[in-house]
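# Secondary and tertiary structure notes
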Protein chains: 2
Amino acid sequence: MLAPEILAEFAALLGPERARADADTRALYARDETPRSCTPEAVLFPASHDEVAGLVRLALRHKLPLTPRGAGSGNVGGALPAPGSLVVSFECMNRVLEFDPDNRLVVVEPGVVTDDIDRLARSKGLMYAPDPGSGAYCRIGGNLAMNAAGPRAVKYGATRDHVLALRAVTGAGREIRTGSRTTKYATGYDLTRLLVGSEGTLALITEATLRLVPAPERIANLRVCYAGNRAACEAIIRVMRQAVVPSALEFMDRRSIEAIRAYGGAEGLPEGTRAVLMVAADGAHDDVPRQIAALEKALAGEGLIEIQSGFTEEEIARLWTARKSLSMAVKKIAPLKINEDVVVPVTRLAELVEAIDAMGRRHRVPLVAFGHAGNGNLHVNIMVHQDDAEEMERARACRRELVETVMRLAGSLSGEHGIGSEKRGFLPLEIEADTLALMRALKQTFDPQGILNPGKKLPD
Amino acid sequence: MLAPEILAEFAALLGPERARADADTRALYARDETPRSCTPEAVLFPASHDEVAGLVRLALRHKLPLTPRGAGSGNVGGALPAPGSLVVSFECMNRVLEFDPDNRLVVVEPGVVTDDIDRLARSKGLMYAPDPGSGAYCRIGGNLAMNAAGPRAVKYGATRDHVLALRAVTGAGREIRTGSRTTKYATGYDLTRLLVGSEGTLALITEATLRLVPAPERIANLRVCYAGNRAACEAIIRVMRQAVVPSALEFMDRRSIEAIRAYGGAEGLPEGTRAVLMVAADGAHDDVPRQIAALEKALAGEGLIEIQSGFTEEEIARLWTARKSLSMAVKKIAPLKINEDVVVPVTRLAELVEAIDAMGRRHRVPLVAFGHAGNGNLHVNIMVHQDDAEEMERARACRRELVETVMRLAGSLSGEHGIGSEKRGFLPLEIEADTLALMRALKQTFDPQGILNPGKKLPD
């Protein structure tokens, strides 16, 4: 428990309602989407940049670690409280500070919900391109911390590609401003993109200037059914080899389709379907049909069973029925989903999917793989029963093998979920010792006392 | 002069032909495109990553500063030798190490000429998007150092947006690998983008994995003539307000047009033209006309004199005649061109152009402004006679005023040329003291002895 006189100092800074150490509040902020939990010493709710700067300085004085938190919707323990830490929840910093459609930018505090930014942008014909699956409730601060992405990344890039400038407070309590409001920048070191994806371990972001892009006039979808994983993976390569970049290229593997069938969500999927691609195109009204035709051409090939296109909202919704049921269908397999987010070059996807199949059989754990195949980014879900120690052991071994396979295929540990506490042990498999040492030195430069999100991102 | 026994050590590493301290070689590498020069102690020509690692370690042992150099085509003194330094020229590291069109990437050494990368990409229907004006002779290492860009950046982004991974040697002699071959990455800290634009002050890049994009099937151009600067600037805002992002949006101001007229290059420009926009659209064959029509609509407005479109190579070449003559025309005004590369939000361009006009009159120096207006990025050329001390003094005062104006308009000191030795004194006008201190600390982390490109990027 935090000493009452220290809590009083935080309360003096933030007001008693926004510096809380009661058991209920602490319990509420003890977990994110990982199965583990750890109760923090207190929860702080700053409402402004100055309050963040103040609380970091107080934390420094008392050598108290801080665990920053957006919506707690991450699944690698990025917002899981470190033992003895104070949670800094950004939910009260949820103002849009400026919306400048003519310069295609918006300035937001970290607690703004991602979809709200997109909604605001659309009111002026613009779009905030990154679209994480949790967009309806996640907060932009968490997206910035993890370099979140989503289906549209294959065409538009990830969060990092849409940040122009940041305001932040380092672990040394220094207030910094990075980048520029301009769309070109060759002035200072690029601290902006360094902070994006640093998982709150270098600085606490208090304001972000985000780049907006023109909203497409229209979206169309294809649902493409294949006889097997390999046929679908070959089609992915063909799509990425031609000129039309889809605005989504999502893959569901054989086990995903089996899960959907078992759940009863496969209505409309033709018999023999063992892998599905969901493909989207967006752009000008008159140009989308041309794109769809080019994509259909690339998607056709050996093992193709059916292509269905959807141009209206209803048609699109119908095509997505099976995909939408996947999340619930997977939960039927086993209560706990260990969600591994991995990424490989697109041409290695077939090998990855094949290896996943084999390792699931070998370790006797159900593996369901789906995700953003246009980026080579798969979410591999290991479905387990948390109270079955032997099964959990097999799941661990399987996870280790998955990571090693990804390394062998020149891939990366995380495409969009980040490292958090759950994957940091694997980092030395991907990042060489000297590079890792440099990353640690950077951490030390930004946060000399190590108070910002300890136990995350970098291995001990 | 470098002590012969030290030169011998470098010669033992690189071979005597690639470690040279003769007067001729040293003189050849004494300058870049800035008017100043400084003769280095020696010039080193490494041919591999290992040789770069070896020479950095030798330089560390002897406490010798290194000045990295691409083609020497920069104009802010980025490759201007620091006093007492050894130039590291990357011209012998000019191999394409890998071309992987299916994964849309290419791995190159820093000495490869930029346009050669694009040419290689086009052989497989791809494109390397950044297109600096010096593309025919500049080297990718220099582009990476400066975060170079060009006209296409308005649609495709700058160098930084097209780098997936780097191999490099830090100032501490550590060999690092950053990023990943994958198009999504949420694993380590983003050292890749930190190194891009760091002007060789943090690490020497020895390999770059570059992202390629589908090459457009077709390009079309518009030449748009306006009655004055303000009318053109208003049109720029209208273009950036609608959905079609042009693949170039270039501006020439009133003084540019006057210079072209005086030079005799204005044939075909209608009478009354006092500002010109060159606009491009690219994409699928059947979609480009739609884009051009949308752009024409946005470009029309008060002060428009004429829009001409070009769809064939000949038509396009004809439209560019006036623009192509600008460089030579400007040289007629005065022998020395001080090229200031500044950037402001697009909506502030009109104010910037007006202020440039006023400050040119007030300081009695000819200012010619043109550039990548879709990014708010102008090259402001102060035309002077280097031997006229009084005029040079006025030019300096004018340059200072230009920078202060850009700061007032929420702009940045450099859009694409970088800071080098020539602009670093201005950095404190843009970057706050605490942020600058952090940048210095980063420099110290990467290069503790300060041997990499001293006297560049950061102010003393």
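Residues numbered from 1 in each chain as written. Chains lettered and ligands numbered in written order. Predicted model: local features only at pLDDT ≥ 70, side-chain atom pairs only at ≥ 80, totals over all residues. Heavy atoms only, no water.

## So, the sheet that holds strand β10 (residues 203-211) of chain A
Residue and element names in this part refer to chain A. A sheet is described by the order of its strands in space; here five strands give the open sequence β5-β6-β10-β8-β9, paired in antiparallel fashion. Each edge of the sheet is formed by a strand with only one pairing partner; in this case those strands are β5 (96-100) and β9 (175-179). This sheet shows a mean twist of 15° between the axes of neighbouring strands, independent of strand direction. Relative to strand β6 (residues 105-108), β5 runs antiparallel, the two being bridged by four bridges. When the bridges of β6 are listed, Val-96 appears paired with Val-108. (Pairing = 2+ DSSP bridges. Helix = DSSP H or I, 4+ residues; strand = E, 2+ residues; numbered from the N terminus. Axes fitted to C-alpha atoms, helices over the stretch in contact; angles between N-to-C directions.)

## With respect to the packing of helix α8 (residues 229-241) of chain A against helix α10 (residues 288-299) of chain A
Residue and element names in this part refer to chain A. Interaxial distance between α8 and α10 falls to 8 Å at its minimum, and their mutual angle equals 140°. The orientation of α8 relative to α10 falls into the category oblique. Crossing of α8 over α10 shows right-handed handedness. Taking contact as the criterion, the partners of Ala-235, Arg-238 and Val-239 in α8 are, on α10, Leu-295, Ala-298 and Leu-299. When its residues are assigned to classes, the contact of α8 with α10 shows five nonpolar, no polar and one charged. (Parallel < 35°, antiparallel > 145°, perpendicular 65-115°, else oblique. Left-handed = near helix turned anticlockwise from the far one by under 90°. Contact = heavy atoms within 4.5 Å. Nonpolar A, V, L, I, M, F, W, Y, C, P; charged D, E, K, R; others polar.)

## Let's talk about the pattern of salt bridges
This model, assessed by the stated rule, comprises 76 salt bridges over all chains. Of the charged contacts, one joins Asp357(A) and Arg361(A) as a salt bridge, the two residues approaching to 3.5 Å between their closest N and O atoms. Placement of the pair is Asp357(A) and Arg361(A) together in helix α13 (residues 349-363), with a separation of four residues, close to one helical turn. Salt-bridge contacts for Glu404(B) lead to Arg400(B); the nearest nitrogen and oxygen are separated by 3.0 Å. Placement of the pair is Glu404(B) and Arg400(B) together in helix α14 (residues 389-408), with a separation of four residues, close to one helical turn. On the accessibility criterion, Glu404(B) (39% relative accessible area) is partly exposed. Through salt bridges with shared partners, one network takes in Arg254(A), Arg255(A), Glu258(A), Asp357(A) and Arg361(A). (Salt bridge = Lys/Arg side-chain N within 4 Å of Asp/Glu carboxyl O. Buried < 20%, exposed > 50% of the residue type's maximum accessible area, 1.4 Å probe, protein only.)

## Comments concerning helix α4 (residues 114-122) of chain B
All names here are of chain B. Thr-114, Ile-117, Asp-118 and Ala-121 are the residues of α4 that are buried. Projected onto a plane normal to the axis of α4, the buried residues spread over an arc of 95° and lie on a single side. Of the surrounding secondary structure, the elements contacted by the buried residues of α4 are β5 (96-100), β6 (105-108), β7 (126-127), α5 (140-146) and β10 (203-211). (Arc of directions from axis to C-beta.)

## As for the relation of the copies chain A and chain B
Copy one and copy two of the chain differ by a rotation about a common axis and a shift along it. Superposing chain A onto chain B requires a rotation of 180° together with a translation of 0.0 Å along the rotation axis, leaving an RMSD of 0.0 Å. When the rotation and shift are considered jointly, the pair of chain copies conforms to a two-fold rotation axis. Take the interface residues of chain A: 100% of them recur as interface residues in chain B, which is what a same-surface contact looks like. (Least-squares fit on C-alpha atoms with pLDDT ≥ 70 in both.)

## Some points on the side chain of Lys443(B)
If you trace the backbone, Lys443(B) turns up in helix α16 (residues 433-446). Separated by 2.7 Å, the side chain of Lys443(B) and the backbone oxygen of Thr201(B) make a polar contact. In this view, Lys443(B) contacts Tyr189(A), Thr201(B), Leu202(B), Pro448(B), Gly450(B), Leu452(B) and Leu458(B); residues no more than four positions away in its chain are not counted. (Polar contact = N/O pair within 3.5 Å; in protein donor to acceptor, adjacent residues only side chain to side chain.)

## Observations regarding the environment of Glu109(A)
Residue and element names in this part refer to chain A. You can see Glu-109 is positioned in the loop between β6 and α4 (114-122). Residue contacts for Glu-109: discarding those within four places in its chain leaves Ala-47, Ser-48, Met-93, Asn-94, Arg-95, Leu-97, Ile-140 and Thr-206. Engagement of the side chain of Glu-109 in a polar contact is seen with the side chain of Arg-95, the distance being 2.6 Å.

## Let's talk about the interface of chain A and chain B
Every contact between the two is made by 78 residues of chain A and, on the other side, 78 residues of chain B. Both sides of the chain A and chain B interface together cover about 6500 Å² of buried area, and 56% of this is carbon and sulfur. Of all residues in chain A, Lys184(A), Thr187(A) and Tyr189(A) give up the largest surface area on contact with chain B, accounting jointly for 15% of the area buried on that side. At the junction of chain A and chain B, the tally comes to 10 salt bridges. Arg174(A) is the partner of Asp434(B) in a salt bridge, and the nearest nitrogen-oxygen pair spans 3.9 Å. Applying the counting criterion to the chain A and chain B interface returns 36 residue pairs in polar contact (both at pLDDT 80 or more). Breaking the side of chain A that touches chain B down by element, the ones donating at least two residues are β9, α7 (191-195), α8, α15 (427-430) and α16 (433-446) of chain A. (Buried area = accessible area lost by both parts, 1.4 Å probe.)

## Concerning the confidence of the model for chain A
Caution applies to low-pLDDT regions: their predicted coordinates should not be interpreted in detail. In the predicted model, chain A carries a mean pLDDT of 97, and 100% of its residues have values of at least 70. Both scores are available for the predicted complex, with the pTM at 0.98 and the ipTM at 0.97. (pLDDT = per-residue confidence, 0-100.)

## Quick look at the pairing of strand β8 (residues 163-170) of chain B
It is a general feature of regular strands that their side chains alternate between the two faces of the sheet. All names here are of chain B. Extensive coverage of β8 is indicated by the burial of eight of its eight residues. In terms of strand pairing, β8 meets β10 through seven bridges, oriented antiparallel. By the bridge assignment for β10, Ala-165 is matched with Thr-209. Where β8 lies against strand β9 (residues 175-179), five bridges are found, and the strand directions are antiparallel. Bridged to Arg-167 within β9 is Arg-177. The hairpin formed by β8 and β9 contains four residues between the paired strands, and Gly-173 there has a positive phi angle of roughly 80°.

## What to know about unusual backbone geometry
Although it is not a glycine, Lys457(A) sits at a positive phi angle of roughly 65°. Along the chain, Lys457(A) falls in the segment after α16. Phi is positive for Arg104(B), close to 55°, though the residue is something other than glycine. With respect to the helices, strands and loops of the structure, Arg104(B) is situated in the loop between β5 and β6.

## Considering the sheet that holds strand β12 (residues 218-226) of chain A
Residue and element names in this part refer to chain A. What the seven strands build is an open sheet, ordered β15-β12-β14-β13-β17-β18-β16; its pairing is antiparallel. Looking at the sheet topology across the chains shown, the edges are occupied by β15 (304-310) and β16 (336-343). Here the strands of the sheet are splayed against their neighbours by 15° on average, with no regard to which way each runs. Across the sheet, helix α9 (residues 254-263) lies against β13 (248-252), β14 (275-283) and β17 (367-372), angled at about 105° from β17, the strand it touches most. Docked against the sheet, α13 engages β13, β16, β17 and β18 (377-384), running at close to 5° with respect to β18.

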